[in-house]
Amino acid sequence: MAKRSNFLIFLFLLIIPILPSGVLPYILPSSQIIEFMTNKFATIKTLTITQHTKIKDIHQEKEKAFGEIVSLSSPYLYRSEIPGQPGKRLIIHNKAKTLRIIDRKITYDEESYDLIYRFFLLSHDPARLLEMLKEVGINTDKVSLTRFEGKIAYLIGGKKEESARLLIDKELFFPLLLKYGDYRFGFSDYIEFMEHTWYPFQIVYSYKGEIIEEYTVMDIQANLPIDVSLFNIPLIRDKFIQSELKQ
């Protein structure tokens, strides 16, 4: 009997180290989290969005609201404009370059990561997306769990408030928050706009803690053909300059 008891104690001690811990849940590596996230949007090759845009001028404390058409094509093409008023506000991103025309002036024409958040929501190579996160300063070797607006989320990056980080819903693998430098982008109100395909109908862009722009989707269509010349920055820049010279 004593031998049997000793054997059971030995077996129990042997098994304890290999039992899963009830206190520390298993946390996926960032590469796998990003892969699951990109799989959620893998069917979206192009997007055509009609959105309501609200802009706050933090210097004059005024708000502007208007409609915009946003065109996106996987993996790096973006264009937004006010219908019929391209000189009023036109933003184009192609690979790493961004052209911004506001009130008939070129206000930006350089490399930029400002629109990286838009490319989370299209078909994308997860390895390249992971590299882009590193390029904006997110430590992809750090992964933890946190709570965000009542949801349990994976946190990729530092835990401190000022740290660059990406929050992804633990159950649905939807992006919830992207922060790097002084920029912060929040994604909410996910709606299934076609079968098994979801999109955040509300995106909020903040700078230095102040809400700068808010985008609300009014209509959205996926995988429509899009003219790639709409994203040709040198061509569009030259046409704009020529039209200004004529005026």
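Just above sits the structure.
Residues numbered from 1 in each chain as written. Predicted model: local features only at pLDDT ≥ 70, side-chain atom pairs only at ≥ 80, totals over all residues. Heavy atoms only, no water.

A.B. asks: Got a sec to walk through the environment of Arg 100? Specific residues and values, please.
C.D. replies: Tracing the backbone through its elements, the reader meets Arg 100 in strand E5 (residues 97–102). The class of Arg 100 is partly exposed, set by a relative accessible area of 22%. Measuring from C-alpha to C-alpha, the distance between Arg 100 and Arg 237 comes to 9.7 Å, with 137 residues separating the pair along the chain. What Arg 100 contacts, discounting residues up to four positions off in sequence, is Leu 90, Ile 91, Lys 105, Ile 106, Thr 107, Tyr 108 and Asp 114. (Helix = DSSP H or I, 4+ residues; strand = E, 2+ residues; numbered from the N terminus. Buried < 20%, exposed > 50% of the residue type's maximum accessible area, 1.4 Å probe, protein only. Contact = heavy atoms within 4.5 Å.)

A.B. asks: If you had to explain the pattern of salt bridges to someone new, which residues and values would you point to?
C.D. replies: Here the structure, examined in full by the defined rule, presents 11 salt bridges. Measuring nitrogen to oxygen at the nearest pair gives 2.8 Å for the salt bridge that ties Arg 89 to Glu 68. Of this pair, Arg 89 sits in strand E4 (residues 89–94) while Glu 68 sits in strand E2 (residues 62–73), and the two are 21 residues apart along the sequence. Each member of the pair, Arg 89 as well as Glu 68, carries the same accessibility label: buried. Among the charged side chains, a network of salt bridges with common partners joins Glu 68, Arg 89 and Glu 213. (Salt bridge = Lys/Arg side-chain N within 4 Å of Asp/Glu carboxyl O.)

A.B. asks: Any chance you could break down the packing of aromatic side chains for me, citing the residues and the numbers?
C.D. replies: Applying the stated criterion across every chain yields a total of 14 aromatic pairs. Where Phe 41 meets Phe 174, the ring centres are 6.2 Å apart and the plane angle is 45°; that geometry is what we call tilted. Note that Phe 41 is positioned in the loop between helix H2 (30–40) and strand E1 (46–57) and Phe 174 in the loop between strand E9 (165–169) and strand E10 (175–180), a separation of 133 residues in sequence. Exposure remark for Phe 41: the relative accessible area of 0% places this residue in the buried category. In this structure Phe 174 comes out as buried when scored by relative accessible area, which is 5%. Following the ring pairs from residue to residue traces out a cluster consisting of Tyr 117, Phe 120, Tyr 180, Tyr 183, Phe 185, Phe 187, Tyr 205 and Tyr 207. The ring of Tyr 215 has Arg 118 sitting right over it, with the charged end atom 5.2 Å from the ring centre. (Phe/Tyr/Trp six-rings, centres within 6.5 Å; stacked < 30°, edge-to-face > 60°. Lys NZ or Arg CZ within 6 Å of the ring centre and 35° of its normal.)

A.B. asks: Give a detailed account of the pairing of strand E11 (residues 183–194), specifying residues and quantitative values.
C.D. replies: Bridge analysis of E10 against E11 gives 4 bridges, and the strand direction is antiparallel. Residue Tyr 180 lies in a different strand from E11, and its bridge partner there is Tyr 183. Hairpin connection of E10 to E11: 2 residues between the antiparallel strands, including Gly 181 at a positive phi of 55°. Looking at chain direction, E11 and strand E12 (residues 197–207) are connected through 10 bridges and run antiparallel. Note that in E12 the partner of Met 194 across the bridge is Thr 197. Counting the residues between successive antiparallel strands, the hairpin from E11 to E12 contains 2 residues, one of them, His 196, with a positive phi of roughly 60°. (Pairing = 2+ DSSP bridges.)

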